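If you want the building blocks of each chain, they are given just below.
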Amino acid sequence: MNSLWRVVSNILQPILGEGNAADEMSYVSSSRASLEKLALRRLLSAVGHATSDGDVGHLSMENVLSLIKCSYGSSGPWRAIFQCMLVGRYDAAAECAKEVGSNSLILALSDLANSTPLQRSKAPPKMDVLDLYRDSQTENDLFRKAVLFLLLSGHIDDTTKDPLRVMTTLCSEMGQCVEDNLWMRLCCVRGVEVQGRVKSIHSLSTLQKIVKNDAHSLLGSFKENEYLFLLLFFSTPASLVPPYYTY
């Protein structure tokens with residue numbers, strides 16, 4: 001129970017700090033950041049290094065890169081970039097991107113590295129990497145596809161493919177845990193309802209429907225009870241989500 005309230009506190013503190021300026025995207029951003037901390041703790045645990053939340057937030061870029069290399073070896077730059085993004089370290093991701101040799105990719109990741117979590121959640125798609133996504137090599141590398149898809153926030157500019165289906169396929173084929181799949185979906189959320197030309201992949205309401213439909217299987221898949229709080233929130237209809245939070 002203590003771990004549950006720790007997560008609740010970690011998610012709500014940044015929102016409360018915004019006062020009346022907070023909105024639904026504040027919650028999405030804070031939840032996404034909380035999942036990134038969880039992913040980093042799992043990474044540290046995998047190499048036998050126990051750490052507190054405070055330690056997680058103060059790891060140097062060099063230490064993060066060392067952890068990624070220790071855990072995944074020489075599995076290519078795209079997997080390293082994805083794992084760095086997953087733990088919220090876009091500075092490390094930009095460093096890994098140098099191996100790819102694409103200035104547009106490096107600049108996109110560097111821009112996110114210099115942004116706050118809330119700014120990342122509201123950021124426009126990084127359309128400069130669209131050509132990389134369209135390259136034939138993308139279909140042969142799941143991590144490349146995932147990295148570019150997330151940077152584009154699902155704006156793949158392909159009328160023959162539904163971005164929501166692409167996301168579902170990525171989540172299925174990459175074989176990640178439920179928390180990581182939720183993080184990927186949160187990376188594309190840009191609002192509550194689908195309006196005008198906004199696609200369903202960018203809608204919090206759509207994500208909530210997906211979680212609600214899969215709630216039974218998700219409850220059995222979550223590794224830590226503390227993250228049931230996230231699951232319960234994301235199965236709540238968007239109409240019931242407070243438009244802002246106050247002290």
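Rules used throughout
- Residues numbered from 1 in each chain as written.
- Predicted model: local features only at pLDDT ≥ 70, side-chain atom pairs only at ≥ 80, totals over all residues.
- Heavy atoms only, no water.
- Salt bridge = Lys/Arg side-chain N within 4 Å of Asp/Glu carboxyl O.
- Helix = DSSP H or I, 4+ residues; strand = E, 2+ residues; numbered from the N terminus.
- Buried < 20%, exposed > 50% of the residue type's maximum accessible area, 1.4 Å probe, protein only.
- Axes fitted to C-alpha atoms, helices over the stretch in contact; angles between N-to-C directions.
- Parallel < 35°, antiparallel > 145°, perpendicular 65-115°, else oblique.
- Left-handed = near helix turned anticlockwise from the far one by under 90°.
- Contact = heavy atoms within 4.5 Å.
- Nonpolar A, V, L, I, M, F, W, Y, C, P; charged D, E, K, R; others polar.
- 1 Å grid on protein atoms, 1.4 Å probe; cavity = no way out; pocket = protein on both sides within 12 Å on 5 of 7 lines; lining within 4 Å.
- Points joined across faces, edges and corners; volume = space filled by probe spheres on them.

Student: Whenever I open this one, the pattern of salt bridges confuses me. Can you help?
Tutor: Opposite charge on two side chains lets them pair, provided their charged atoms get close. Within this structure, the stated rule accounts for eight salt bridges. Between E36 and R32 there is a salt bridge; the shortest N-O distance is 3.7 Å. With a gap of four residues between them, E36 and R32 both fall in helix α2 (residues 24-46), about one helical turn apart. K126 is the salt-bridge partner of D111, the closest N and O atoms lying 2.3 Å from each other. Of the two residues, D111 sits in helix α7 (residues 103-113) while K126 sits in the loop between α8 (117-122) and α9 (130-134), which places them 15 residues apart along the sequence. With a relative accessible area of 38%, D111 lands in the partly exposed category. Overall, the relative accessible area of 14% leaves K126 in the buried class. Residues joined by salt bridges that share partners form a network here, namely E139, K145 and K161.

Student: Whenever I open this one, the packing of helix α6 (residues 90-97) against α7 confuses me. Can you help?
Tutor: Contact geometry for α6 and α7: axes closest at 8 Å, N-to-C directions at 165°. Between α6 and α7, the crossing angle belongs to the class labelled roughly antiparallel. Where α6 crosses over α7, the handedness of that crossing is left-handed. Contacts from Y90, D91, A93, A94 and A97 of α6 reach α7 at L105, I106, L109, S110, L112 and A113. For the contact of α6 with α7, the residue count by class is nine nonpolar, one polar and one charged.

Student: Would you mind showing me how to read empty space enclosed by the protein here?
Tutor: One water molecule sets the probe size; rolling that probe over the atoms shows where empty space is left. Counted under the stated rule, the structure contains three cavities of 30 Å³ or more. Put simply, the largest cavity is a space of about 100 Å³. In terms of lining, the largest cavity is formed by 14 residues, of which the most central are R32, L112, L150, L151 and R190. Of the residues assigned to the lining of the largest cavity, the class counts are nine nonpolar, one polar and four charged. A volume near 50 Å³ is recorded for the second largest cavity. Considering the residues around the second largest cavity, the lining is formed by L164, M167, R185, V189, S200, I201, S203, T206, L207 and I210. Those elements that place two or more of their residues in the lining of the second largest cavity are α11 (163-173) and α13 (204-213). Top element by residues in the lining of the second largest cavity is α13. It accounts for three residues. Classifying every residue of the lining of the second largest cavity by side-chain character gives six nonpolar, three polar and one charged.

Student: Sorry, what's going on with α6 here?
Tutor: For an α-helix, the turn length of 3.6 residues means that residues three or four places apart are oriented alike. With six of eight residues buried, α6 lies mostly within the body of the structure. Of the residues making up α6, those classed as buried are Y90, A92, A93, A94, C96 and A97. On its buried face, α6 is in contact with α2, α4 (61-72), α5 (77-86), α7, α8 and α12 (178-188).

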